[in-house]
Structures are given as C-alpha cells and as structure tokens.
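# Chain and residue survey
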Amino acid sequence: MAAGTSRIVRYVLFAFFVSLKHVLCHAWLIATQGIIILYFVSSSSMPRPTIPDPSDFTGKWHKDAKDAGAASGEIHSPQASSEAASAPAPVSPKPSGGLPTAPADGERMNATFVTLARNSDLWDIVKSIRQVEDRFNRNYNYGWVFLNDKPFDATFKKVTSALISGKTYYGEIPEEHWSFPEHIDQDKAQKVREDMAQKKIIYGDSVSYRHMCRFESGFFFRHPLMNQFEWYWRVEPSIELYCDIGYDTFKYMRDHGKKYSFVLSLYEYVETIPTLWDSVKGFMKEHPEHIAEGNSMKFLSDDGGKTYNHCHFVSPIPNIEASCANMPFQWSNFEIGNLDWLRSQAYLDYFDKLDKDGGFFYERWGDAPVHSVAAGLLLKKEEIHFFNDIAYYHVPFTHCPTDEQLRLDNKCHCRPSENFDWKGYSCKFSINAMNFLQATLINDFSQVHHGSLRCIRWKSRKAIRTSRTRYIC
C-alpha cells in the first residue's frame, strides 16, 4: 500500500511540473509577442529623420576645407573659386536632346575633321575619335567628314556618330576620283607594279593604294561634303594625342595667317618617287607666277632646287613595321590646313601637272611629298606651322614636347625621351638645327651625309677663323 501511494505521488508531481513548464513557455511567448507589437506600434508613431541632401555635405566639405586651408596657409583645389562661388551640383544633369553645348567660349571656325576610311577600319578609327574628342573636340564640337570609295554601313555610322560631339557626314567618293585617268597607259602601269612587287617595295603592287594617294593629293578637298568648309584636320586610325589642346587650333591658324601645319617630318621612300622632282621642276618652269617669295626651298632641297632631299611633313603608309634599312616607315598623317589654299589656282595647276605626268601610277607617289612640296613652294615660310605643343603618336613615331612645364600644364602623358624631332632621320632635326644656326651663327652651313647619319655641317664665327668644321648629327 505504501509503495503504491509513493508511486502515485511521483506521477502527480511529474504532471504538475510538466504543466508548469507549458504555462511558463506560453507566458514567455505572449510576453515576447507583446513586446514586438509594442515596438512596431511605437516606431510607427515616431517621426522619421530626413536624409541630408548630398549638396549639404559638399558645401560643408568646401567650407571645412576652406577653413582648414586658411589655417594652414594653403588650399589644394582642382579649380580656383571665389568665396561667393556656390557649391557644385552633386549630380550632372543628363542632357535632353543630345550632347551638351561646348564649354569653350568664342567663335567657331568653319572647320571639320576629315577621315578616309573603310567599314573595316571602324574599330581603329574609334580609338582616334576618342583621343580627339577627349583631348580637344569635347570643348568645341566640330563636325567630322568620313569618306569611302564604298558606301558606309549602318554599324560604322551608328558607332562613330555616337562618339563625336559635332555633326557627322558620310560620303562616297566619285568613281572618277578613284580610278585610272584616261591618259594612263594601263600596260605600263601594270609593269611598274610587277617590278615593285619583285623589289618588295611596300604597296608597290597595290592599285587601290595608288588611287588613295591620288585622291588625297588632288580630290578630297573637292568632295561635295568638303565644299562647305574652310579648314580641315586630317585624322588617321589608331592615333594618340598625349596632351590636352586647350585652344582652338583652327582659330589659331586663321589668326596667325597659317595655311598648312604638321607635327612630324621624315624622309620619303626614295624608290617610290624617282621622278617626282623632275615634274615639280617642270611645274616651276611653266608657272613661275605661283612660286611664293620667301618659300621653304631650303627645306626641300640642299642644292638650291636642283635635286629633292626627300623631306616631307607626313606620309600615308599604314600598318608597317619600321625598317631603318630602306626607310618604309609607317608615317602618320597629321595635317591641319586651309581648304581654300588647296582649291587655289596655284595648287590646282600644280596637281594637274603631276597628275598628267602619271607618277601616281607609273611610280608610287604618295600624297605626303605632294602636299609637302606644294606647301614648301607655294606658301611663304611663315604660312607653315609646326604644332610643337600637340603631342602625337602613330606607330612607330612620337612627337612629345620637351618643355616640362608645357607637359605639366597640358596634362601630357608622353615620354620626352621618345620624342622623334631630333632623331637623325627626322627632317625637323634639320629644320630645328638650321633655325638655331641661322639665329645664332653665320649662314655657313649645309646638309651632308656624315658616315651613316644625315648631319648639319657648319662653321661658327670662331670656327671660320680657325677653319674648323663642326657637325650636328
């Protein structure tokens, strides 16, 4: 009986504690839910704090920075601003209806960029467009003319127009400007191409290359799309501009009476122009009225015009590895020039003479020496400009300003040690040396070949007395 009673007591106690546990758990759940409900009710009745406008932080930062700068005596800021200047907007508004207006003040010239390209050149030319836009044209919004011997496709137009801040124009070259003239002997021209191919002269066997050189020499400025403009800037695929250009180059040319400009100058591949100078001398004899006084004959000839020294400002050969053995370099076509000069009777007579002589097809005359000789003879020296501050690259040559302050001011990223100007195969080497000698020494100098180098031979005032000859190589 006692054992049974104790067992019943244990069962009762067990049931009591189990019931108590359930009661306590239920109470805890009710209390927790009450706290959560109370929290949300109280939170919904509390006022929400406002989020500060980003401009408040911007303005505060400017004020704090100004106070700190005044205390230390130095303020570092991307742009100087007056005390009354308002804080900049935190987010640039997206323009509706196109690109924003150009920020640069002043008049715009009647000018355009111009590029001869094919649809397959798209991804190389967009690199050049970005360089030109970022370094220069974003401030001026000049338009761009694209010319092709075939119609441009929709992709080319869509991609290029999206990158350019100005208007874009797309033109097809007339067949008569991209074909053999009637006076060309086709059999003779073919024989020349075959001979050049055997000699491995770059593009020596190319027909299209010859059409291109002839078009750039005498017809690009006559295209209907170009007729509306007075100035042009020629841009090639895959170029690089190393420095900001903080002024309007077209306006500079106009204001300073310039008609042709360049940044690189080299020697032409001799085997492509063996009779070019003969044709030039024929032109000079037929049209002495077109030869400018104070021209640049000394740049073109070392013997008063008897022979051509093969110097020119630019060359159109693309995608070629440099070879110092025979000089078929990939030279760049940087030109900023006046279209009215190219349309002048003097230049048209000059081109017509060369075209009739047939050297574009019987040899392989490039537009670079054709333009350079024309500028050297038909323009005064002061009408030709060397853009020293435009740092420019196209494989394999670089023009980089040697003035450190200029590079810093214009945010340049070129390496001055790679500057091509004073290399022995740069014609600007000769130009710069001659200008220096003319300014500082007597005019007793000439260009000579000193060993394997092209040099300036000169005698200083002191050297004249001692009969010593010196060289700059």
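Everything in this summary refers to the structure shown in the same document. (Residues numbered from 1 in each chain as written. Predicted model: local features only at pLDDT ≥ 70, side-chain atom pairs only at ≥ 80, totals over all residues. Heavy atoms only, no water.)

For the chain, the helix and strand inventory stands at 16 helices and 15 strands. With 473 residues in all, the chain has 45% of them scored as buried. A sequence separation of at least 24 residues applies to 73% of the contacts in the chain between residues at least 6 apart. Accessible surface, the chain as shown: approximately 25,900 Å² in total, 56% of it carbon and sulfur. (Helix = DSSP H or I, 4+ residues; strand = E, 2+ residues; numbered from the N terminus. Buried < 20%, exposed > 50% of the residue type's maximum accessible area, 1.4 Å probe, protein only. Contact = heavy atoms within 4.5 Å. Areas by Shrake-Rupley, 256 points an atom, 1.4 Å probe, with all protein chains shown as cover.)

Our focus in this paragraph is the pattern of salt bridges. Between side chains of opposite charge, a pair can form as their charged atoms come close. For the structure on display, the rule yields 18 salt bridges. Asp-124 is paired through a salt bridge with Lys-127; the nearest N and O atoms lie 3.9 Å apart. Residue Asp-124 and its partner Lys-127 are both found in helix H3 (residues 122-135); the two are separated by three residues, about one turn of the helix. Residue classification places Asp-124 among the partly exposed residues on the basis of a relative accessible area of 31%. We note a salt bridge from Asp-367 to Arg-234, for which the minimum N-O separation is 2.9 Å. One end of the pair, Asp-367, is in helix H13 (residues 367-378); the other, Arg-234, is in strand S4 (residues 231-234), and 133 residues separate them in sequence. (Salt bridge = Lys/Arg side-chain N within 4 Å of Asp/Glu carboxyl O.)

Attention now goes to unusual backbone geometry. A negative phi angle characterises most non-glycine residues, just as the trans form characterises most peptide bonds. Residue Asn-141 is not a glycine yet carries a positive backbone phi of 60°. Looking at the secondary structure, you find Asn-141 in the loop between H3 and strand S2 (143-148). The phi torsion at Lys-411 lies on the positive side, around 55°, for a residue other than glycine. Inspection of the secondary structure puts Lys-411 in the loop between helix H14 (404-409) and helix H15 (427-440). Classification of Lys-411 by relative accessible area gives exposed; the value is 56%.

Moving on, we come to the pairing of strand S3 (residues 168-172). Here five bridges tie S2 to S3, and the two strands are oriented parallel to one another. Residue Trp-144 lies in a different strand from S3, and its bridge partner there is Thr-168. Remark: the S2/helix H4 (residues 154-163)/S3 crossover connection has right-handed handedness. (Pairing = 2+ DSSP bridges. Right-handed = clockwise from strand over helix to strand, strands pointing away.)

With that settled, consider the state of the cysteines. Considering all chains together, one arrives at two disulfides under this definition. A sulfur-sulfur separation of 1.8 Å characterises the disulfide bridge that pairs Cys-243 with Cys-412. Disulfide Cys-243-Cys-412: the torsion about the S-S bond is 120°, which places it as right-handed. Here Cys-243, found in the loop between strand S5 (240-241) and helix H7 (249-255), pairs with Cys-412, found in the loop between H14 and H15; they are 169 residues apart in sequence, far enough to count as distant. For the pair shown, Cys-243 and Cys-412 are each scored as buried. With a sulfur-sulfur separation of 2.1 Å, Cys-400 is cross-linked through a disulfide to Cys-414. The sign of the 70° torsion about the S-S bond sets the Cys-400-Cys-414 disulfide as right-handed. Of the two residues, Cys-400 sits in the loop between strand S12 (397-399) and H14 while Cys-414 sits in the loop between H14 and H15, which places them 14 residues apart along the sequence. When its relative accessible area of 0% is taken as the criterion, Cys-400 is described as buried. (Disulfide = S-S within 2.5 Å.)

As a further point, take the packing of aromatic side chains. Scanning all chains against the criterion turns up 36 aromatic pairs. The interplanar angle of 65° and the centroid separation of 5.2 Å between the aromatic rings of Phe-220 and Tyr-232 together place this pair among those described as edge-to-face. Of this pair, Phe-220 sits in the loop between helix H6 (207-218) and S4 while Tyr-232 sits in strand S4, placing them 12 residues apart in sequence. Pair check on accessibility: Phe-220 and Tyr-232 agree, each one buried. Lys-188 extends its terminal NZ or CZ atom over the ring of Tyr-362, reaching a point 4.1 Å from the ring centre. (Phe/Tyr/Trp six-rings, centres within 6.5 Å; stacked < 30°, edge-to-face > 60°. Lys NZ or Arg CZ within 6 Å of the ring centre and 35° of its normal.)

So, on to helix H8 (residues 276-286). All of the buried residues along H8 are Leu-276, Trp-277, Ser-279, Val-280, Gly-282, Phe-283 and Met-284. Considering only its buried residues, H8 is in contact with helix H9 (297-300), helix H11 (345-357) and H13.

Next up on the list: the sheet that holds strand S10 (residues 384-386). Pairing is mixed across the open sheet formed by seven strands, whose spatial order is S3-S2-S1-S4-S9-S6-S10. With one partner strand each, in any of the chains shown, S3 and S10 form the two edges of the open sheet. Shown here is a sheet whose adjacent strand axes are inclined to one another by a mean of 20°, direction ignored. Sheet topology places strand S6 (residues 260-262) next to strand S9 (residues 335-338); two bridges connect them, and they run antiparallel. Its bridge partner lying in S9, Ser-261 is registered against Ile-336. In the packing of H4 onto the sheet, the strands contacted are S2 and S3, and the crossing angle to S3 comes to about 150°. (Axes fitted to C-alpha atoms, helices over the stretch in contact; angles between N-to-C directions.)

Following both chains from N to C, one finds H6 and H13 inclined at 20°, their axes separated by 8 Å at the closest point. As judged from the angle between their axes, H6 and H13 are roughly parallel. For the crossing formed where H6 meets H13, the hand is right-handed. Across the interface between the two elements, Met-212, Cys-213, Glu-216 and Ser-217 from H6 touch Asp-367, Val-370 and His-371 from H13. Residues of the contact of H6 with H13, tallied by class, amount to three nonpolar, two polar and two charged. (Parallel < 35°, antiparallel > 145°, perpendicular 65-115°, else oblique. Left-handed = near helix turned anticlockwise from the far one by under 90°. Nonpolar A, V, L, I, M, F, W, Y, C, P; charged D, E, K, R; others polar.)

Running from N to C, H8 and H13 point in directions that differ by 35°, and their axes come no closer than 12 Å. For H8 against H13, the interelement crossing comes out right-handed. In this structure, H8 contributes Leu-276, Trp-277, Val-280, Phe-283 and Met-284 to the contact, and H13 contributes Pro-369, Val-373, Leu-377 and Leu-378. Each residue belonging to the contact of H8 with H13 can be placed in one class, and the counts come to nine nonpolar, no polar and no charged.

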